Amino acid sequence: MKISGRWHRAIEAQHSERCVSILDQTLLPHTVDWRTLNSLEATAEAISVMRVRGAPLIGATAAFGLYFGVNESASDEGLALAYDKLLATRPTAVNLRWALDRVRRVIQPLAPSERALAAWEEACRISDEDVAANKQLGEHGLALLQQLKPRSPGPLQLMTHCNAGWLATVDWGTALSPIYHAHEAGMDVHVWVSETRPRGQGAALTCFELKEQGIPHTLISDNNAGHLLQRGLVDACIVGADRVTSTGDVANKIGTYMKALAASAHGVPFYVAMPVSTIDWTISDGIRDIPIEQRAESEVTHLAGVDIAPVGTRARNDAFDVTPASLVTTFITERGLVTPTELHRLHF
Ligand code: MRU
C-alpha cells in the first residue's frame with residue numbers, strides 16, 4: 001500500500017543482494033525508516049522486538065530468516081539451529097511455524113549447496129502468495145460489506161482492533177483489506193480504531209495506514225468500544241487473527257475478546273479476516289491449546305517511556321486473547337466467506 005503516494009510492501013526482497021528491506025514498525029508513526037535484514041541474527045531480533053509484527057508478516061520474515069540461516073550454515077545442524085531460533089521469537093502467530101515448515105520441507109531433502117537458493121525462492125513465493133491471498137480476501141470481504149445496511153445515515157461504520165493492515169502482512173492486510181477495497185470501490189466508510197494498549201498498534205500503525213490511504217477514521221481508547229457498540233454507532237467489527245483453531249476459535253490481540261462479547265450483546269456482526277495459513281488444523285480448543293505470549297511488565301507500567309504506576313507495581317501483560325468461535329459471525333479468507341461451522345471446508 002502507499003506511503004506518501006508511493007506503493008510499498010512491508011517486506012521487500014532485494015534480489016540482487018539477496019537481502020530484504022523492512023519498515024521498522026517500532027519507529028512509526030513519526031519516522032519511516034527502512035532497514036536492511038541480511039542475517040539470521042538480525043531477522044530473529046527484528047521479529048522478537050516487533051520491528052516487524054502481525055501474523056502473516058512474521059511468517060514471511062521468518063521464511064527469509066531461514067534463508068539467511070542456511071546461507072550462513074547449510075548443514076543439517078545449521079538448518080535446525082536457524083529453524084529453532086526463529087520459531088522461538090514469538091509463540092502465538094501460527095504463520096511463523098507454517099512458513100518455517102514450508103521452507104524446511106522444500107530444502108531439507110536438497111544437498112547443502114543447493115539449500116540457500118531454494119530457501120530464497122520459497123521465501124519469495126511465500127511473500128508473493130501472501131499479497132495475492134490478502135488481495136483476494138479483500139475482494140470477498142468487500143462483497144460482505146456491500147450487503148451491510150448502515151444503522152444510521154452516513155458512512156458504513158466499521159470497528160477494528162490492533163493493526164491488521166498491510167503493515168501486519170506483506171501487503172493489503174487482512175482486516176483492513178476489505179476496507180481498502182471498499183474505499184477503492186467508492187463506498188463511504190469510516191473506521192473506529194482502538195488504540196490497542198499496551199503497544200499501541202491501533203494508534204501508531206492503523207491510523208498511520210488509514211491516513212496514508214485517505215480513509216476517514218477516528219481513534220478511540222480501548223475502553224470506548226462497548227459504549228460505541230451499545231449506542232448503535234458500529235455496523236460491523238473486523239479484526240485479524242494470529243491463530244485460528246480447526247473449530248474457529250480465534251487468538252488475536254488482547255482486547256479482541258471484549259469487543260466480540262460487546263458486538264454479540266448488541267447484535268453487531270463480528271468478522272475475522274485471515275489467510276488460510278493462519279488456521280492451525282492441529283488444534284481444536286483455542287483456550288486450552290493456543291500459547292499466549294507473555295510480554296514485559298514494563299509495556300504496561302510505562303507509557304511512551306514514562307512510568308504511570310508507582311515504582312515496583314507488578315503488571316501482567318498477555319499479548320493475545322482467544323475469542324470463541326460462537327462469537328464469530330463470518331471468516332473472511334482468500335478461499336471465500338465461511339461461518340465457524342463451515343471452516344473445515346477450507347482444509348484441503
Ligand atoms: O503483537 P502483534 O502486533 O504482532 O499482533 C498483531 C495482531 O494481533 C494482529 O491483529 C494479527 O496478527 C492479525 S494481522 C494480519
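Parameters at a glance
- Residues numbered from 1 in each chain as written.
- Predicted model: local features only at pLDDT ≥ 70, side-chain atom pairs only at ≥ 80, totals over all residues.
- Heavy atoms only, no water.
- Pairing = 2+ DSSP bridges.
- Helix = DSSP H or I, 4+ residues; strand = E, 2+ residues; numbered from the N terminus.
- Axes fitted to C-alpha atoms, helices over the stretch in contact; angles between N-to-C directions.
- Buried < 20%, exposed > 50% of the residue type's maximum accessible area, 1.4 Å probe, protein only.
- Contact = heavy atoms within 4.5 Å.
- Near = heavy atom within 4 Å.
- Polar contact = N/O pair within 3.5 Å; in protein donor to acceptor, adjacent residues only side chain to side chain.
- Areas by Shrake-Rupley, 256 points an atom, 1.4 Å probe, with all protein chains shown as cover.
- Nonpolar A, V, L, I, M, F, W, Y, C, P; charged D, E, K, R; others polar.
- Salt bridge = Lys/Arg side-chain N within 4 Å of Asp/Glu carboxyl O.

Asker: Explanation requested: the sheet that holds strand 5 (residues 34-37) in the structure shown.
Answerer: Backbone-to-backbone hydrogen bonds join strands into a sheet, with any given pair of strands oriented parallel or antiparallel. Reading across the sheet, the three strands line up as 3-4-5 and stay open at both edges, with antiparallel pairing between neighbours. Of all the strands in the sheet, the pair left with one neighbour each is strand 3 (11-14) and strand 5. The sheet shows a mean angle of 25 degrees between the axes of neighbouring strands, taken without regard to direction.

Asker: Even after reading the chapter, I still don't get the environment of Tyr257, so can you show me in this structure?
Answerer: Here Tyr257 lies in helix 9 (residues 256-265). Owing to a relative accessible area of 33%, Tyr257 belongs among the partly exposed residues under this scheme. Separated by 67 residues in sequence, Tyr257 and Pro324 have C-alpha atoms that sit 8.1 Å apart. If sequence neighbours within four positions are ignored, Tyr257 has contacts with Asp321, Val322, Thr323, Pro324 and Leu327.

Asker: How should I be thinking about the site of the ligand in this particular structure?
Answerer: What surrounds the ligand is a group of 19 residues, the closest being Arg53, Arg90, Gln201, Asp242 and Lys253. The separation between an oxygen atom of the ligand and a polar side-chain atom of Arg90 is 2.8 Å. A distance of 2.8 Å separates an oxygen atom of the ligand from a polar atom in the side chain of Gln201. Out of a free accessible area of 420 Å², the ligand has 100% covered by protein chains. Elements represented by at least two residues in the shell around the ligand include exactly helix 2 (55-72) and strand 11 (250-253). Here the residues of the shell around the ligand sort into eight nonpolar, seven polar and four charged.

Asker: Would you explain unusual backbone geometry in this entry?
Answerer: Trans peptide bonds make up most of the peptide bonds, and negative phi angles are found at most residues other than glycine. Put simply, Leu28 and Pro29 share a cis peptide bond, and its omega is 10 degrees. Mapped onto the elements, Pro29 comes out in the loop between strand 4 (19-23) and strand 5. In this model, Arg197 is joined to Pro198 through a cis peptide bond whose omega is 10 degrees. Take Pro198: it is sitting in the loop between strand 7 (189-194) and helix 7 (201-213). Unlike most non-glycine residues, Ser4 shows phi in positive territory, near 50 degrees. Within the fold, Ser4 resides in the loop between strand 1 (2-3) and strand 2 (6-7). The exposure class of Ser4 is exposed, given its relative accessible area of 66%. Residues other than glycine seldom take positive phi values, yet Cys162 does so here, at roughly 60 degrees. Along the chain, Cys162 turns up in the loop between strand 6 (156-160) and helix 6 (176-184). For Cys162, a relative accessible area of 7% gives the class buried.

Asker: Would you take a moment to explain the environment of Arg105 for this structure?
Answerer: In this fold, Arg105 is placed in helix 4 (residues 95-107). Classification of Arg105 by relative accessible area gives exposed; the value is 58%. The spatial distance from the C-alpha of Arg105 to the C-alpha of Ala119 is 9.9 Å, given a sequence separation of 14 residues.

Asker: How should the pattern of salt bridges be read in this particular structure?
Answerer: Where side chains of opposite charge bring their charged atoms close, a pairing between them can arise. By the definition in use, this model includes 21 salt bridges. Across the pair Arg104 and Asp101 runs a salt bridge, and its minimum N-O distance is 3.6 Å. Taken as a pair, Arg104 and Asp101 lie in helix 4 at a separation of three residues, close to a single helical turn. Of the residues examined, Asp101 reaches a relative accessible area of 21% and is grouped as partly exposed. Put simply, Arg102 and Glu122 hold a salt bridge, and the shortest N to O gap is 2.7 Å. With a gap of 20 residues between them, Arg102 in helix 4 and Glu122 in helix 5 (residues 112-147) connect regions that are remote in the sequence. Accessibility expressed as a relative area gives 12% for Arg102, which makes it buried.

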